[in-house]
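Below are the chains, spelled out letter by letter.
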Amino acid sequence: MTALASSGTPRSTPLLRRLTVAAEPYLYSAPALILIIAIMLVPLALGLSYAFRDVKLLNPLSGAFIGLDHFRELIDDRTFARALKNTFFWAGASVVLQFAFGLILALLLNRPFHGRGIVQALVFLPWAVPSFLSGLNWAWMFNPVIGPIPHWLFALGIMDAPNNILSDPHHAMWGPIIANVWWGIPFFAITLLAALQAIPRDLYEAASIDGANALQRFKSITLPFLAPTIAITILLRTVWIANFADLIVVMTNGGPADRTQIVASYIFTQAFRRLDFGYASAIAVVLLLLLMAYALLIVLLRQSMLKRA
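Computed from a prediction, not measured in an experiment: that's the story for all the values here.

## Some thoughts on the packing of aromatic side chains
Per the stated rule, a full pass over the model turns up 12 aromatic pairs. Taking the centre distance of 5.9 Å and the plane angle of 80° together, the rings of Phe272 and Phe277 count as edge-to-face.

Structure below.
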């Protein structure tokens, strides 16, 4: 009996040892959890609290709780309404064009040809360029004094004169969109290329034997296999672009007359130029809710696609 009692059975294991064994996985993950809480959750909670407080950097007496006053002010803010409308156009046009050109590049790069590795490196080069430098370069290219693009458009008959479209209220948004498309195409190209290379070649061979042409093979094989990847890449890219104010700030600064102002750049303007952190946080909360609703919709759509597949 004594020997059995002193053996290492679970009943005789000390309570502290059992707690240590149970907590061991959590102790291993504790450093990562602490970093996530410190770097992400704490600033998020602090930013959310600013939306309900009057936080102005130049006013040392600010910081009082004001409830929903910032959100009531947003309802009558015409600049915010224009920025919200511009954000839909900015994100929609950028994502559609990036996806279309990225899919075409992925389909071309999926074919074997001589020098494909060099071409892939050149295609993915824009993704390595810092966004600030990219916006600055494109702003110079749209400048008729030092840039060629206005003169090309004038020579093609698209423009009546070689003017800077970034100063045209009706066409200024297309400048950052073009720069954003050039900068973001590699994201879709590399992700869709990886998905294409995962499709079994036997399916294409069997479809060819059955008499399916290239378009039929694309519709019946390529698109169904790419659908989950397309859904998640469009979700990620839309969220990134909606939060992406670098090109807008560098190229147009929201002008002319707020025609290129998006919600993300408006947050930047309120926070770091007008130093009204409370109002900027309220705008950020609205953007956060809109993107969360959009993300939920895309995730549900992707899950339905996976179930059908």
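## Observations concerning the nonpolar core
Inside soluble globular proteins, nonpolar side chains tend to come together where they are buried. Among the nonpolar cores identified, the biggest contains 43 residues, and Trp90, Phe142 and Met251 are the most heavily contacted of them. Looking at this core, the element that brings in the most residues is helix α9 (residues 174-197), giving 12 residues. In contact with Met251, other than residues within four places in its own chain, are Gly135, Trp138, Ala139, Phe142, Leu166, Gly175, Pro176 and Ala179. The next biggest cluster of nonpolar side chains, apart from the first, holds 17 residues, and it includes Phe80, Ala83, Ala271 and Leu291.

## Some words on α9
With 24 residues, α9 extends 33 Å from end C-alpha to end C-alpha; this agrees with the ideal 34 Å at 1.5 Å per step. Gly184 marks where α9 bends most, by close to 35°; the proline Pro186 follows one to four residues later. Among the 24 residues in α9, 17 count as buried, and that is most of the element.

## Quick look at unusual backbone geometry
The linkage connecting Gly255 with the following residue, Pro256, adopts the cis geometry, with an omega of -5°. If you trace the backbone, Pro256 turns up in the loop between α12 (246-251) and α13 (263-272). Even without being a glycine, Asn253 presents a positive backbone phi close to 60°. Its relative accessible area of 41% is what places Asn253 among the partly exposed residues. For Ala257, which is not glycine, the phi torsion reads 55° and is therefore positive. Structurally, Ala257 is set in the loop between α12 and α13. With a relative accessible area of 61%, Ala257 lands in the exposed category.

## Digging into the packing of helix α7 (residues 131-141) against α9
Each pair of packed helices can be summarised by the angle the axes make with each other and by the distance between the axes. Following both chains from N to C, one finds α7 and α9 inclined at 135°, their axes separated by 10 Å at the closest point. For the element pair α7 / α9, the angle class is oblique. Considering how the two elements wind past one another, α7 and α9 form a crossing that is right-handed. Note on element contacts: α9 touches α7 through Ile178, Ala179, Trp182 and Trp183, opposite Ser131, Ser134 and Trp138. Looking at the contact of α7 with α9, its residues break down into 5 nonpolar, 2 polar and no charged.

## Brief notes about the pattern of salt bridges
Inspection of the entire model under this criterion finds 1 salt bridge. The partner of Asp69 in a salt bridge is Arg72, with the nearest N and O atoms 2.7 Å apart. With a gap of 3 residues between them, Asp69 and Arg72 both fall in helix α3 (residues 69-75), about one helical turn apart.

## Notes on the confidence of the model for the chain
In this model, the chain carries a mean pLDDT of 88, and residues with pLDDT of at least 70 account for 94%. When the elements of the chain are averaged for pLDDT, helix α1 (residues 2-5) gives the smallest value, 46, and helix α4 (residues 78-109) the largest, 95. In this model residues 1-9 is a low-confidence stretch, pLDDT under 50, and it forms 2 contacts with partners more than four residues away in sequence or in other chains.

Calculation criteria
Residues numbered from 1 in each chain as written. Predicted model: local features only at pLDDT ≥ 70, side-chain atom pairs only at ≥ 80, totals over all residues. Heavy atoms only, no water. Phe/Tyr/Trp six-rings, centres within 6.5 Å; stacked < 30°, edge-to-face > 60°. Core = buried A, V, L, I, M, F, W, Y, C linked by side-chain atoms within 4.5 Å. Buried < 20%, exposed > 50% of the residue type's maximum accessible area, 1.4 Å probe, protein only. Helix = DSSP H or I, 4+ residues; strand = E, 2+ residues; numbered from the N terminus. Contact = heavy atoms within 4.5 Å. Expected span 1.5 Å × (residues − 1). Bend = angle between axes of the 7 residues up to and from the residue. Axes fitted to C-alpha atoms, helices over the stretch in contact; angles between N-to-C directions. Parallel < 35°, antiparallel > 145°, perpendicular 65-115°, else oblique. Left-handed = near helix turned anticlockwise from the far one by under 90°. Nonpolar A, V, L, I, M, F, W, Y, C, P; charged D, E, K, R; others polar. Salt bridge = Lys/Arg side-chain N within 4 Å of Asp/Glu carboxyl O. pLDDT = per-residue confidence, 0-100.

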